Amino acid sequence: MSYFEEEKTFNKIIDDLMVLLKNEDSYNQVLSSMCSPPPKIAREIAKIFAATNLGDPGLFPETVKLENEVLAHLADLLHAPSSWTGAITSGGSESNLIGCWAARNWSKVNRGIEKGKIIFPESAHVSFEKAADLLNLESEWIPLNDNFQVDIEAVKEAIDYRTVGIVGIAGATGTGVCDDINPLSDLALEKNLYLHVDAAHGGTIYPYLKKLGYDVPIYGFENPGVKSVTIDTHKILGSLIPGGSIIFRSEEITKTIVKSITYLSDSSTKQITITGTRPGSSVIAAWVILKKLGESYILERIKESFEVTKYLTQRLNELAEIKLVFEPSLNIIGFTCNQMTSEDLVKELLQKGWHLSIYSNWTRIVVMPHVTKEVIDKFINDLETVLNKEM
Ligand code: 0PR
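An account of the accompanying structure is given in this report. Since the model is a prediction, treat every value here as computed from it, not as a measurement.

**Points about the packing of helix 2 (residues 40-48) against helix 10 (residues 280-317)**
Then comes step 1: Running from N to C, helix 2 and helix 10 point in directions that differ by 150°, and their axes come no closer than 9 Å. One element, helix 2, and the other, helix 10, form an angle in the roughly antiparallel class. Crossing angle aside, the handedness with which helix 2 passes helix 10 is right-handed. Of helix 10, the residues touching helix 2 (which contributes Ile41, Ala42, Ile45 and Ala46) are Ser281, Ile284, Ala285, Val288 and Ile289.

**Details of the site of the ligand**
Then comes step 1: The immediate surroundings of the ligand are formed by 18 residues, with Ser33, Gly91, Gly92, Ser93 and Thr173 found nearest.
Then comes step 2: A total of three residues in the shell around the ligand trace back to one element, the largest contributor, which is helix 4 (residues 92-111).
Then comes step 3: Within the shell around the ligand, the residues separate by chemical class into five nonpolar, 11 polar and two charged.
Then comes step 4: Lining the shell around the ligand are residues from two domains, each supplying at least three of them: domain 1 (22-36 + 295-390) and domain 2 (43-289).

**So, the packing of helix 4 against helix 5 (residues 126-134)**
Between two packed helices, both the angle of their axes relative to each other and the distance between the axes serve to describe the pair.
Then comes step 1: The geometry of helix 4 relative to helix 5 is characterised by a closest axis approach of 9 Å and an angle of 40° between their N-to-C directions. Here helix 5 runs oblique to helix 4, going by the angle between their axes. As helix 4 runs across helix 5, the sense of the crossing is right-handed. Counted together, Gly92, Ser93, Asn96, Leu97 and Cys100 of helix 4 and Ser127, Phe128, Lys130, Ala131, Ala132 and Leu134 of helix 5 form the full contact between these two elements.
Then comes step 2: Partitioning the contact of helix 4 with helix 5 into residue classes produces six nonpolar, four polar and one charged.

**Observations regarding the sheet that holds strand 7 (residues 244-248)**
Then comes step 1: Reading across from one edge, 1-7-6-5-4-2-3 is the order of the seven strands in this open sheet, with mixed pairing throughout. Each of the sheet's edge strands pairs with one partner strand only, and the pair in question is strand 1 (85-89) and strand 3 (138-142). Sheet twist, expressed as the average angle between the axes of neighbouring strands with direction ignored, equals 20°.
Then comes step 2: As judged from the three bridges shared by strand 2 (residues 117-121) and strand 4 (residues 163-169), these two strands associate in the parallel manner. Across the sheet, residue Lys117 finds its bridge partner in strand 4, namely Thr163.

**Description of the pairing of strand 1**
Then comes step 1: Taking burial as the measure, the five residues of strand 1 include five buried ones, the bulk of the element.
Then comes step 2: Judged from the five bridges that link them, strand 1 and strand 7 form a sheet pairing that is antiparallel. For Thr85, the partnering residue across the bridge sits in strand 7 and is Phe248.

**Let's talk about the sheet that holds strand 10 (residues 322-324)**
Then comes step 1: Strand order in the open sheet formed by four strands is 10-11-13-12, with antiparallel pairing between adjacent strands. Every interior strand has two partners, whereas the edge strands, strand 10 and strand 12 (357-359), have only one. Averaged over neighbouring strand pairs, the angle between their axes works out to 45° when direction is ignored.
Then comes step 2: By the bridge criterion, three bridges tie strand 12 to strand 13 (residues 362-366) in an arrangement that is antiparallel. Following the sheet pairing, Ser357 is matched in strand 13 by Arg364.
Then comes step 3: Sheet strands touched by helix 11 (residues 342-351): strand 11 (332-337), strand 12 and strand 13. Its angle to strand 13, the strand with the most contacts, is close to 45°.

**Observations concerning the environment of Asp180**
Then comes step 1: Within the secondary structure, Asp180 sits in the loop between strand 4 and helix 7 (181-191).
Then comes step 2: For Asp180, the contacting residues outside a window of four places in its chain are Gln149 and Ile152.

**Points about helix 7**
The α-helix winds at 3.6 residues per turn, so residues separated by three or four positions along the chain end up facing the same way.
Then comes step 1: If you check which residues of helix 7 are buried, you get Ile181, Leu184, Ser185 and Ala188. End-on, the buried residues of helix 7 take up no more than an arc of 105°, which puts them together on one face.
Then comes step 2: Taken together, the buried residues of helix 7 touch helix 6 (152-158), strand 4, strand 5 (194-198) and strand 6 (226-232).
Then comes step 3: Immediately downstream of helix 7, the backbone of Asn192 shows phi near 55°, a positive value.

**Comments concerning the pairing of strand 5**
Then comes step 1: The buried count for strand 5 comes to five of five residues, which makes it a mostly enclosed element.
Then comes step 2: Of the two faces of strand 5, the one carrying Tyr194, His196 and Asp198 and the one carrying Leu195 and Val197 are both buried.
Then comes step 3: Sheet analysis places strand 4 next to strand 5, joined by five bridges and oriented parallel. Across the sheet, Ile166 pairs through a bridge with Leu195, a residue of strand 5.
Then comes step 4: Taken together, strand 4, helix 7 and strand 5 constitute a β-α-β crossover, and its handedness is right-handed.
Then comes step 5: Strand direction decides the pairing type here: strand 5 and strand 6, joined by four bridges, are parallel. Bridging across to strand 6, Leu195 finds its partner in Val226.

Criteria and thresholds
Residues numbered from 1 in each chain as written. Predicted model: local features only at pLDDT ≥ 70, side-chain atom pairs only at ≥ 80, totals over all residues. Axes fitted to C-alpha atoms, helices over the stretch in contact; angles between N-to-C directions. Helix = DSSP H or I, 4+ residues; strand = E, 2+ residues; numbered from the N terminus. Parallel < 35°, antiparallel > 145°, perpendicular 65-115°, else oblique. Left-handed = near helix turned anticlockwise from the far one by under 90°. Contact = placed C-beta atoms within 7 Å. Near = placed C-beta within 6 Å. Nonpolar A, V, L, I, M, F, W, Y, C, P; charged D, E, K, R; others polar. Domains from an automatic or database assignment. Pairing = 2+ DSSP bridges. Buried ≥ 20, exposed ≤ 12 C-beta atoms within 10 Å, placed from the backbone. Arc of directions from axis to C-beta. Right-handed = clockwise from strand over helix to strand, strands pointing away.

Everything listed here is a matter of geometry and, on its own, says nothing about what the molecule does.
Put into structure tokens, the structure is as follows:
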């Protein structure tokens, strides 16, 4: 193919893709996502560093340094002790799987449990169901109290001699609620159990909310029983997809899962991730967001999302047909409608281009940085039209 033909083919493919996928990059009417379009600089990084693979760290030693700085930053947000260790992963699901994997293997080494059981709150993300299945762990799902937090008494009752670990959620998918991690930590210490905290969403919000003057829960390594924490970079921080991490209290835990890979360009490579090949671009983007755009950029995003959450709460409260299921503690809102089911409401709103999700029996909205006040005004307008049609 000549240079000219190649150029023509290139442009044609890009043009066709732009047409085919034109509605899928704007997030204009997306109210159901925990991701948000990345800043321009992150997109540029994706283009330039598309071939950087952290699965072969010997080839990318400078990117490995950035990776370690990102991990150190996240460990710091979680108040990890200096003995911490961790890994950048593909997101919350992989981190939660690794956390459960460590719980299983650590309990085998320390307590001789061969066929264990793991305890999850009912609010836990589906990745825990997958993890238990993959790891051949029995799972017990614990109901929530009236505040949508895991019922601590029920956790106590569920613990038996085969229990390898407990999971707590800091910023649940459906409600944004944080479990009461401190009593879970006490239980974990008392019974010598592994405690993993899923702060995939909340972990990148609470530290900044605290700086903005809000009261925030103590969900991280300040609780001495916490052994590992999931925290994502591709959620509100706005880094590239896929990007997450898991931070462990110490190597005493990860040595029960670590694998050596001697044939890579660095023959001392060790991995605790499920994936081998991992995109360096996502780590570089996270580094730029955390270290270069920095705290003021992140605070602005979070502040804005919280103001919009408050605004949306107020607008919804003004509608007689709508009832909020909980007072939002993070940027997640749940509501029901006295005129129709959440399924029907979500379908009607989809006709108008809005993407919402249903969690349990309520309609769920996640107020991410792309959801501005203007977006909310348009949404409320359409919601009112749908409700008026029903009267
Ligand atoms: N833990 C929590 C608390 C989560 O909310 C999620 C996903 C995970 C773990 C898993 O994270 P990964 O998706 O990174 O593996 N939370 C979002 C949700 O289920 C995922 C998502 C994001 C879904 C964007 C849709 C979407 O458009 O809502």
